[in-house]
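# Working through the structure, step by step
Letter by letter, the chains look like this.
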Amino acid sequence: MFQLLTRNITKRFLSWKTGALVLVCIGTMLTCYQHVSGKLVSKPAYLILEGPFDVFVQVVSPDNSMLISSVLLTVMIFCFVESPVINQDDRFYIIRTGKRRWIATEMLGIACASLIWIFLINIMGCATSFNNMDWTDWKIYPQNMTCMLIYFLAYTCIGLFILLFHLLDIKALGTAVLVTLLVLEKFILDVLPNNINAVSPGSDTDKIISVIRNFTFMNRMENGFQNENFAFSAIYFLTIILILAGMNIIYAKKHEVG
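Summary of the structure given here.

Definitions and cut-offs
Residues numbered from 1 in each chain as written. Predicted model: local features only at pLDDT ≥ 70, side-chain atom pairs only at ≥ 80, totals over all residues. Heavy atoms only, no water. Helix = DSSP H or I, 4+ residues; strand = E, 2+ residues; numbered from the N terminus. Buried < 20%, exposed > 50% of the residue type's maximum accessible area, 1.4 Å probe, protein only. Contact = heavy atoms within 4.5 Å. Areas by Shrake-Rupley, 256 points an atom, 1.4 Å probe, with all protein chains shown as cover. Phe/Tyr/Trp six-rings, centres within 6.5 Å; stacked < 30°, edge-to-face > 60°. Core = buried A, V, L, I, M, F, W, Y, C linked by side-chain atoms within 4.5 Å. Axes fitted to C-alpha atoms, helices over the stretch in contact; angles between N-to-C directions. Left-handed = near helix turned anticlockwise from the far one by under 90°. Nonpolar A, V, L, I, M, F, W, Y, C, P; charged D, E, K, R; others polar. Patch = residues over 30% accessible without salt bridge, like charges linked within 9 Å, V, L, I, M, F, W, Y side chains within 5 Å. Salt bridge = Lys/Arg side-chain N within 4 Å of Asp/Glu carboxyl O. Expected span 1.5 Å × (residues − 1). Polar contact = N/O pair within 3.5 Å; in protein donor to acceptor, adjacent residues only side chain to side chain.

Another aspect to go through is the overall build of the protein. Helices and strands together make up the secondary structure of the protein, namely eleven helices and two strands. Seen in sequence order, the protein has helices and strands lined up from the N terminus as α-α-β-β-α-α-α-α-α-α-α-α-α. Counting all 258 residues of the protein, 46% fall into the buried class. Taking contacts inside the protein between residues at least 6 apart in sequence as the whole, the part at least 24 apart equals 76%. Working note: accessible area of the protein is about 13,500 Å², and carbon and sulfur atoms make up 69% of it.

In structure tokens:
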């Protein structure tokens, strides 16, 4: 099982696709600018001013760049879009040990890949903000660690969603639906309320949206860098992970490994 897990992680990261995704992330971080007092500064002015252990929370913060957060989410979806990773040797392993161990290894591989990407994002943030960081500050900031944990759980959820789509033989369609739902969520929670309030001031839209916002995927991720309701966000994502893990185990038994 450990050998299969090692091959799973190796095949995910030792490929041209991973290199291309890393270059996209680095390019986005290098080209994004921070708005200061409503004006666009003439050169990159990253928010990263603390040490290397306070980078991740500032990279994903929309105060730095909403584009970076969007690109990172897209990169994670592309990273998992080919799940499960299977070669000829893996098929023999599945026949010998059964599908339950195989899918457990696949889900563990997704969790490991999410963790590796979290650290890669932190490293890329350090590299692209080398001159904007206090390299004498090696303090470990709790907010940064909680943010990394929340995003690790969220990215694992995305990977398990895409794995489930594959087991249901709707990989392309399922991934498209996932992306559509994430985009639609931002539209419903951010754009629609402003338009409704403009037409009908004083409505109860804000109250309704605030309740819905507490249970939406993207808002739970945002609470990672806002450092609010950490326990609720962690329980929220862990619950989704457990549900998805159970569904993946169920449908793995019915899935024909091609």
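From this point, things continue past the structure.
Following the criterion strictly, the structure yields six aromatic pairs and no others. Here the aromatic rings of Phe56 and Tyr151 are separated by 5.5 Å at their centres, their planes lie at 80 degrees, and the arrangement is edge-to-face. In this pair, Phe56 is assigned in helix α3 (residues 56-59) and Tyr151 in helix α7 (residues 142-167), connecting sequence segments 95 residues apart. Accessibility classification places Phe56 together with Tyr151 in one group, the buried group. Each ring, one from Tyr151 and one from Tyr155, has its centre 5.8 Å from the other, and the planes form 80 degrees; the classification is edge-to-face. Linking Tyr151 with Tyr155, this pair stays in helix α7, spanning four residues, or about one helical turn. The class for Tyr151 is buried, based on a relative accessible area of 6%. What makes Tyr155 buried here is its relative accessible area of 1%.

Attention now moves to the side chain of Thr28. Examined against the element boundaries, Thr28 turns out to sit in helix α2 (residues 16-31). Those residues in contact with Thr28, other than ones at most four positions away along the chain, are Leu67, Ile68 and Val71.

Generally speaking, nonpolar side chains in soluble globular proteins are found buried as a group. Core analysis: the largest hydrophobic core is formed by 63 residues, its most contacted members being Leu72, Trp117, Tyr155, Phe217, Met221 and Phe237. For this core, the element with the most residues is α7, which contributes 16 residues.

In the contact formed by helix α4 (residues 66-80) and helix α6 (residues 99-128), the axes pass within 11 Å of each other and the chain directions differ by 145 degrees. Once α4 is placed against α6, the crossing between them reads as right-handed. Contacts between α4 and α6 involve Leu72, Val75, Met76, Cys79 and Phe80 from the first element and Ile110, Ala113, Ser114, Trp117 and Ile121 from the second. Of the residues in the contact of α4 with α6, the class split is nine nonpolar, one polar and no charged.

A contiguous nonpolar patch, built from Phe53, Phe130, Trp135, Trp138, Ile140 and Met145 and spanning about 630 Å² of accessible area, is present on the exposed surface. Looking at the secondary structure, you find Ile140 in the loop between α6 and α7.

This part covers helix α11 (residues 230-254). A rise of 1.5 Å per residue sets the reference length of α11, with its 25 residues, at 36 Å; its end C-alpha atoms lie 37 Å apart and thus fit the reference within 8%. Looking only at α11, the buried set comprises Ser233, Ala234, Tyr236, Phe237, Ile240, Ile241, Leu244, Ala245, Asn248 and Ala252.

Structurally, Val75 is set in helix α4. Relative accessible area serves as the criterion here: at 3%, Val75 is assigned to the buried category. In this structure, Val75 is in contact with Leu21, Cys25 and Trp117, ignoring residues within four places of it in sequence.

What follows covers α7. The terminal C-alpha atoms of α7, which comprises 26 residues, lie 38 Å apart, in line with the 38 Å expected from a rise of 1.5 Å per residue. Of all 26 residues in α7, 21 are buried; the element is thus mostly enclosed.

Considering the arrangement of structural elements, one finds Gln58 in helix α3. On the basis of relative accessible area, Gln58 is assigned to the buried category, the value being 12%. Along the backbone, Gln58 and Gly125 are 67 residues apart, and their C-alpha atoms lie at a distance of 8.8 Å. At a separation of 2.6 Å, a polar atom in the side chain of Gln58 contacts the main-chain carbonyl oxygen of Asp54.

Moving on to the environment of Leu244. Topologically, Leu244 is positioned in helix α11. Owing to a relative accessible area of 4%, Leu244 belongs among the buried residues under this scheme. It is 6.8 Å that separates the C-alpha atoms of Leu244 and Phe161, two residues lying 83 residues apart in sequence.

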